[in-house]
Amino acid sequence: MATTDRQATTLALAHALSAAERGLAVIPLSRTKLPALRSPHHDEPGPRPGPTTRCRGECGRFGHGVHDASTDPARIRALFAAAPRATGYGIACGLPPHHLIGVDPDTRSSADSSAALREPALRHLFTIPATVVVLTPSGGRHLWLSGPPDVVVPNSASRLAPGIDIRGAGGYLVGPGSRTDHGTYTAAPGTAHLAPAACPPALLRLLLPPPRAHHPTPPAAGGHGQGLVQFVLAAHQGQRNTRLFWAACRAYEDGIGPALVAPLVEAALNTGLTEREARATIASAARTTGHHP
């Protein structure tokens, strides 16, 4: 059994290094699909840190889950050396150069994993392009897509449609070649050589957080335009680019994009973004909606 585990770890490391060569940041996983390294802060005295104080690897030690992910071969070997029982690897989402987004349709309610996507695709007029598809031991499929560099797609469960989970920034996907308690993850035939395809713009907009309700404000760039500006102004750290991108997409779709560029930039500056970041995000929204920035 020990020999089998060592072979599984060696094989997982080989697959992880191969993924890293393609620009995918990886971490070692256990047979349960969880990060194989225990947090170095687990046994520290005192109350557990909250979301704003939790260490994400700043301490320099391994064991911070997806925050350990790397494309550096030396670091990856060190991670696996510290996790001798790892039998798989996870691929961090949202990181350059691919800014990976994982689409995970639930197969428990349907024998056809693509059926779960059919309804939102028909309703919102998008199709999934040819891309990397990873087959799961349970018969499911993970679809790999690439997002824009200036947009943060969050993790979500059943928000796009019932039974469809999304892996975005801060999440990870189980890499092909990983062994788990339920079997091995494999690349679907004909997809292993593909790069993650660009996420369709209509789908990308659905993956972003919905707008928060806000109190009506006096019109400045028109009632709807002012609402979009207020939506950006209400952004907290970690939401700023995402909210700006969403608002700019709505503005261009409604024909007020060019007129709203300056108010949106000003709002973004008030949230802490730089003018360069703000204009790049608005330009990306213009291109996504088929307009010229």
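Let me begin by describing the structure that accompanies this report. Given the structure is predicted, the values throughout are model-derived calculations rather than measurements.

## Notes on the packing of aromatic side chains
- Going through the model one piece at a time under the given rule, you end up with one aromatic pair.
- Between Phe231 and Trp246 the ring centres are 5.0 Å apart and the planes differ by 55°, which places this aromatic pair in the tilted class. With a gap of 15 residues between them, Phe231 in helix H5 (residues 223–233) and Trp246 in helix H6 (residues 240–253) connect regions that are remote in the sequence.
- Taking the relative accessible area as the measure of exposure, Phe231 reaches 4% and is therefore buried.
- Here the guanidinium or amino end of Arg250 rests over the ring plane of Trp246, the centre of that ring lying 4.6 Å away.

## Points about the pattern of salt bridges
- Tallying each qualifying case throughout the model produces five salt bridges.
- Between Glu119 and Arg123 there is a salt bridge; the shortest N-O distance is 2.6 Å. Pair noted here: Glu119 and Arg123 are both in helix H3 (residues 115–124), with a separation of four residues, about one helical turn.
- For Glu119, a relative accessible area of 41% translates into the label partly exposed.
- In this structure, the salt-bridge partner of Glu275 is Arg279, at a minimum N-O distance of 2.9 Å. One end of the pair is Glu275 and the other is Arg279, both in helix H8 (residues 275–288) and four residues apart, which spans about a single turn.
- You can call Glu275 partly exposed: its relative accessible area is 41%.
- For Arg279, a relative accessible area of 41% translates into the label partly exposed.
- Because the salt bridges share partners, they merge into one network encompassing Arg205, Arg250 and Glu253.

## Description of H8
- Relative to the 20 Å expected for 14 residues at 1.5 Å per residue, H8 spans 20 Å between its end C-alpha atoms, a close match to the ideal helical length.
- Within the sequence span of H8, burial applies to Ala278, Thr281, Ile282, Ala283, Ser284, Ala285, Ala286 and Thr288.
- Buried residues in H8 make contact with helix H4 (201–207), H6 and helix H7 (257–271).
- Where H8 terminates, the next one or two residues include Gly290, which has phi positive at roughly 85°.

## Some thoughts on the sheet that holds strand S1 (residues 26–29)
- An order of S1-S2-S8 is seen for the three strands of this open sheet, with the pairing classed as antiparallel. Because the sheet does not close on itself, it has two edges, and the strands there are S1 and strand S8 (172–174). Ignoring which end each strand starts from, the neighbouring axes of this sheet average 35° apart.
- Sheet topology places strand S2 (residues 88–92) next to S8; three bridges connect them, and they run antiparallel. Note that in S8 the partner of Ala92 across the bridge is Tyr172.
- Of the strands in this sheet, S1 and S2 are in contact with helix H2 (residues 73–81), which crosses S1 at around 15°.

## Quick notes on the packing of H7 against H8
- Between H7 and H8, whose axes approach to 9 Å, the crossing angle comes to 135°. Of the possible angle classes, the one that applies to H7 and H8 is oblique. Our pair here, H7 against H8, has a crossing hand that is right-handed. Here Val261, Leu264, Val265, Ala268 and Leu269 of H7 lie close against H8, whose contacting residues are Glu275, Ala278, Arg279 and Ile282.
- When grouped by side-chain class, the residues that make up the contact of H7 with H8 number seven nonpolar, no polar and two charged.

## Some remarks on the pairing of strand S3 (residues 100–105)
- Extensive coverage of S3 is indicated by the burial of six of its six residues.
- Burial of S3 is two-sided: the residues Leu100, Gly102 and Asp104 facing one way and the residues Ile101, Val103 and Pro105 facing the other way are all buried.
- Here S3 runs beside strand S5 (residues 141–146); their pairing, made up of four bridges, is antiparallel. Note that in S5 the partner of Gly102 across the bridge is Trp144.
- Taken together, the four bridges between S3 and strand S7 (residues 164–167) define a ladder with antiparallel strand orientation. The residue of S7 that forms the bridge with Asp104 is Asp165.

Rules of the game
Residues numbered from 1 in each chain as written. Predicted model: local features only at pLDDT ≥ 70, side-chain atom pairs only at ≥ 80, totals over all residues. Heavy atoms only, no water. Phe/Tyr/Trp six-rings, centres within 6.5 Å; stacked < 30°, edge-to-face > 60°. Helix = DSSP H or I, 4+ residues; strand = E, 2+ residues; numbered from the N terminus. Buried < 20%, exposed > 50% of the residue type's maximum accessible area, 1.4 Å probe, protein only. Lys NZ or Arg CZ within 6 Å of the ring centre and 35° of its normal. Salt bridge = Lys/Arg side-chain N within 4 Å of Asp/Glu carboxyl O. Expected span 1.5 Å × (residues − 1). Contact = heavy atoms within 4.5 Å. Pairing = 2+ DSSP bridges. Axes fitted to C-alpha atoms, helices over the stretch in contact; angles between N-to-C directions. Parallel < 35°, antiparallel > 145°, perpendicular 65-115°, else oblique. Left-handed = near helix turned anticlockwise from the far one by under 90°. Nonpolar A, V, L, I, M, F, W, Y, C, P; charged D, E, K, R; others polar.

Just geometry here; none of it tells us what the structure is for.
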